[in-house]
Amino acid sequence: MASPTAHELLTNVSGLTPERAQQIADHIDECRLLMEAGADMDAVQQHLKEQGVGMLYAILITTGLLGDHPSKLRAAREIVECSPARTTTPPV
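Residues numbered from 1 in each chain as written. Predicted model: local features only at pLDDT ≥ 70, side-chain atom pairs only at ≥ 80, totals over all residues. Heavy atoms only, no water.

**Regarding the side chain of S83**
Note the following rule: A run of H or I in DSSP becomes a helix once it reaches four residues, and a run of E becomes a strand once it reaches two; helices and strands are each numbered from the N terminus. By the convention used here, residues are in contact when the closest approach between their heavy atoms is within 4.5 Å.
Mapped onto the fold, S83 is located in the loop between α5 (72–82) and α6 (84–87). Ignoring any residue separated from it by four or fewer positions in sequence, one finds S83 in contact with D42 and Q45.

This is the structure we're talking about:
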């Protein structure tokens, strides 16, 4: 059975399979725990990148972390796109 967060994702995001919705929900829960332990959003984004989470799903996960933010999709996109984890160019 899908978690409440996965059920909400399935209801609000078209094209997700139940399995993918549950994976995203699990990432949201994991990132919430990181934040509760004191991690900032840059650390969360680094964690997601290290877990192999692509930008689109990172935006969706970050949206889930922002709660009732009035422009949470826009804010999540900015957080992910501007994160040092996503903008740092690897050394050559």
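Next comes the rest of the write-up.
**Section: the confidence of the model for the protein chain**
Keep this limit in mind: Scored from 0 to 100, pLDDT reflects the predictor's confidence in each residue.
Taken residue by residue, the protein chain gives an average pLDDT of 90. The fraction at 70 or more is 92%. Put simply, helix α1 (residues 4–12) is where the protein chain has its lowest mean pLDDT, 85, and helix α3 (residues 41–50) is where it has its highest, 96.

**Considering the packing of α1 against helix α2 (residues 18–36)**
For any two helices packed against each other, one specifies the inter-axial angle together with the distance between the axes. Operational definition: Helix axes use the C-alpha atoms of the stretch in contact, all axes being lines fitted to C-alpha atoms, and the angles between their N-to-C directions lie in the range 0 to 180 degrees. When an angle is under 35 degrees it counts as roughly parallel; over 145 it counts as roughly antiparallel; between 65 and 115 it counts as roughly perpendicular; any other value is oblique. A crossing counts as left-handed when the near helix is turned anticlockwise from the far one by less than a right angle, and as right-handed when that turn is clockwise. Three classes are used, and their members are as follows: Ala, Val, Leu, Ile, Met, Phe, Trp, Tyr, Cys and Pro are nonpolar, Asp, Glu, Lys and Arg are charged, and the others, Gly among them, are polar.
The contact between α1 and α2 brings their axes to 8 Å, and the two run at 125 degrees. As summarised for this structure, α1 and α2 are arranged oblique, according to the angle between their axes. You can see that α1 and α2 cross each other, and the crossing is right-handed. Facing T5, A6, L9 and L10 of α1, the residues of α2 in contact are P18, A21, Q22, I24, A25, I28, D29 and R32. Of the residues contributing to the contact of α1 with α2, the split by class is eight nonpolar, two polar and two charged.

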